[in-house]
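Observations on the three-dimensional arrangement
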Amino acid sequence: MSEPTTIQTTPGSKMIATMVLVATVCGVLIVGAFEGTQDAIAANKRITLERAVFKVLPGAASVREYAATPTGIQPLTGAMPEGGVKFYAAYDQAGALKGVAAEAAGKGYADVVRVLYGYDAKCQCIVGIGVVAMRETPGIGDKIITDKAFLQNFEALDVRVNAEMTALANAVKVVKHGSKQNAWEIDAIAGATVTSKAVGRGINESAQKLMPLLVPHIEDVKREKGNGK
Amino acid sequence: MSTNQKLDEGITFDTFMEGIWRQNPVFVMVLGMCPTLAVTVSAENAMSMGLATTFVLVSSCLLVSLIRNVVPKEVRIATYIVIIATFVTLVDYLIQAVSLKLYEALGAFIQLIVVNCIILGRAEAHASKNPPLKSVVNALGMGIGFTIGLLALGATREILGAGKLFGITLFGEQFQPWVVMVLPPGGFFVLGGWLLLFSLLRNRKAAIEGGHGHE
């Protein structure tokens, strides 16, 4: 154990001891912060989700997460089952189904535009949309939030499934501003076509997947079940 | 020993003011430009980012200063990074608990406080050589200086680009927002304007005090 050189160095054990000590203190701090904020964060996420769902389905009072799978609808607990599509069932005060909300995403001008749409099982149509996240140009792309004429497209957007229950009877399509003729068409905003199309494409993609899985089993979620999560 | 005592006495008004005026991180040192340009689209975002950075700065400088005599110099940078990363994680959780909307607006820039050179720079250049109280006072000054810098940019961009300040509409219906100001290029324009103003002021002050220009 003789020192071959005379250069003064800190022994490795001291370095390791220091790092271990610092890492331990930091670990305790992080775990403390995680434990301390966990409930507040979970509550925040829940409120954000509820607010978004209530906005597209006015009159709803509670929200439950479900997964629509090829074998039926099941409450979403933990991981998403194979081939499943996530959706939210919203209920009114009495516990009757108010509508269904699901997320749609389409590539916009700057980044992916994510919207939440509300679906009414009675008319088989979309009754409202809300933007979850987007980075479109302020003043141009963000008209999808404010443009009243554009939002009217989503007051009764037809998303009926076909007779075989395999896809939508009519694909949701974005058409040039002022040329909407059918209930399944979306009238684009003049000057914000890219963003309008992103919304339309996203909704079409999501509805094509979700509706054929949801509609045959819609009775399963007609009433709010239990009081658990 | 004598040097240590000298440092202990060294808390002056300048220890605090250094970061606000003489060595302002945004306007003088031009450090931490990544969050400065990216999150200052509104005064609220700028303020939150500034406060989050200040918290990390002050807490890590305190801890670094407390253990400055124990940490072997070979592993000091690694130690500082672990400490800074810890406080950034704390801030990350805290902001999520306070407001998810704010968390999404600030995006990845909260986590990126870890690599903000102002913080590591302070830890290495100041906190590792000075007693805790002095380090904290200095770090607080730096943090406030950074917050003021961000707020100056955020407020200017929000007023020009959206006609609002802290979300409150300032002008009437006729106001046409100058949209480019809230887009990325606007960040550079506004930063350039503030840097120009700041150096003019500094040069003028130096000329008055020293009787000659500031190179």
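Residues numbered from 1 in each chain as written. Chains lettered and ligands numbered in written order. Predicted model: local features only at pLDDT ≥ 70, side-chain atom pairs only at ≥ 80, totals over all residues.

**Points about the overall build of chain A**
- Helix and strand counts for chain A stand at four helices and nine strands.
- Against the globule reference of 17 Å for 229 residues, chain A gives a C-alpha radius of gyration of 25 Å, more extended than a compact globule.
- Of all 229 residues assigned to chain A, the portion counted as buried reaches 32%.
- Counting only contacts in chain A whose residues sit at least 6 apart along the sequence, the fraction spanning at least 24 positions is 56%. (Helix = DSSP H or I, 4+ residues; strand = E, 2+ residues; numbered from the N terminus. Rg over C-alpha atoms; globule rule 2.2 N^0.38 Å. Buried ≥ 20, exposed ≤ 12 C-beta atoms within 10 Å, placed from the backbone. Contact = placed C-beta atoms within 7 Å.)

**Quick notes on the overall build of chain B**
- Secondary structure assignment for chain B yields nine helices and two strands.
- Its helices and strands in sequence order give chain B the pattern α-α-α-α-α-α-α-α-β-β-α, from N to C terminus.
- The C-alpha radius of gyration computed for chain B amounts to 19 Å, which stays within 12% of the reference 17 Å derived for 215 residues, consistent with globular compactness.
- Referenced to the eigenvectors of the C-alpha coordinate spread, the extents of chain B come out at roughly 65 × 50 × 25 Å.
- Burial status across chain B gives 42% buried among its 215 residues.
- Taking the contacts inside chain B whose residues are at least 6 apart along the sequence as the reference set, 75% of them involve residues at least 24 apart.

**Quick word on the nonpolar core**
- The biggest cluster of nonpolar side chains holds 51 residues, and the ones touching the most others in it are A:V53, A:F87, A:A101 and A:Y117.
- Of all the secondary structure elements, the ones that give two or more residues to this core are helix 1 (12-56), strand 1 (62-69), strand 3 (85-91), strand 4 (97-107), strand 5 (112-120), strand 6 (125-133) and helix 4 (193-214) of chain A.
- Take this core: its biggest share by element is eight residues, from helix 4 of chain A.
- Discounting residues that sit within four places of it in the chain, A:F87 has contacts with A:Y66, A:A68, A:V100, A:A101, A:A102, A:L210 and A:L214.
- Counting 49 residues, the second-largest nonpolar core is a separate cluster that includes B:A46, B:M49, B:A127 and B:L153. (Core = buried A, V, L, I, M, F, W, Y, C linked by C-beta atoms within 7 Å.)

**With respect to the interface of chain A and chain B**
- Counting residues at the interface gives 21 residues for chain A, matched by 21 residues for chain B.
- For the side of chain A that touches chain B, the element with the most residues is helix 1 of chain A, which contributes 17 residues.
- Of the residues that constitute the side of chain A that touches chain B, the class distribution is 13 nonpolar, six polar and two charged. (Nonpolar A, V, L, I, M, F, W, Y, C, P; charged D, E, K, R; others polar.)

**Notes on the packing of helix 4 (residues 43-66) of chain B against helix 8 (residues 132-162) of chain B**
Residue and element names in this part refer to chain B.
- It is at 8 Å that the axes of helix 4 and helix 8 come closest, and there the two elements cross at 165 degrees. With respect to their mutual orientation, helix 4 and helix 8 come out roughly antiparallel. Crossing of helix 4 against helix 8: the hand is right-handed.
- When grouped by side-chain class, the residues that make up the contact of helix 4 with helix 8 number 21 nonpolar, nine polar and one charged. (Axes fitted to C-alpha atoms, helices over the stretch in contact; angles between N-to-C directions. Parallel < 35°, antiparallel > 145°, perpendicular 65-115°, else oblique. Left-handed = near helix turned anticlockwise from the far one by under 90°.)

**Here we look at helix 4 of chain B**
- With 24 residues, helix 4 of chain B should reach 34 Å at 1.5 Å per residue; the first-to-last C-alpha distance of 34 Å fits that figure.
- For helix 4 of chain B, a buried count of 19 out of 24 residues is recorded, marking the element as mostly surrounded by other parts of the structure. (Expected span 1.5 Å × (residues − 1).)

**Quick look at the sheet that holds strand 2 (residues 72-75) of chain A**
Residues and elements named next belong to chain A.
- One open sheet holds the seven strands; their spatial order is 2-1-3-4-5-6-7, and the pairing between them is antiparallel. Pairing within the sheet leaves two strands with one partner each, and these edge strands are strand 2 and strand 7 (157-158).
- Here eight bridges tie strand 4 to strand 5, and the two strands are oriented antiparallel to one another. Among the inter-strand pairings, A105 is bridged to a residue of strand 5, identified as R114.
- Lying over the sheet, helix 1 contacts strand 1, strand 3, strand 4, strand 5 and strand 6, oriented at roughly 145 degrees with respect to strand 6. (Pairing = 2+ DSSP bridges.)

**Regarding the environment of A:V112**
- With respect to the helices, strands and loops of the structure, A:V112 is situated in strand 5.
- Between the C-alpha atoms of A:V112 and A:N182, which are 70 residues apart in sequence, the distance is 27 Å.

**Brief notes about the pairing of strand 4 of chain A**
All names here are of chain A.
- Most of strand 4 sits inside the fold, with eight of its eleven residues counted as buried.
- Alignment of strand 3 against strand 4, held across four bridges, turns out to be antiparallel. Each residue of the ladder has a partner; that of A89, found in strand 4, is V100.
- Between strand 3 and strand 4, which follow one another and run antiparallel, lie five residues, and G95 among them has a positive phi close to 90 degrees.
- Hairpin connection, strand 4 to strand 5: the antiparallel pair is bridged by four residues.

**So, the confidence of the model for chain A**
- The predicted model of chain A has a mean per-residue pLDDT of 84, with 94% of residues at 70 or higher.
- For chain A, per-element mean pLDDT is lowest for strand 2 of chain A, which scores 80, and highest for helix 1 of chain A, which scores 90. (pLDDT = per-residue confidence, 0-100.)

**Concerning the pairing of strand 1 of chain A**
Residue and element names in this part refer to chain A.
- In terms of strand pairing, strand 1 meets strand 3 through seven bridges, oriented antiparallel. Across the sheet, residue V63 finds its bridge partner in strand 3, namely A90.
- Relative to strand 2, strand 1 is paired through four bridges, and the arrangement is antiparallel. Note that in strand 2 the partner of Y66 across the bridge is P75.
- The turn linking strand 1 back onto strand 2 is made up of two residues.

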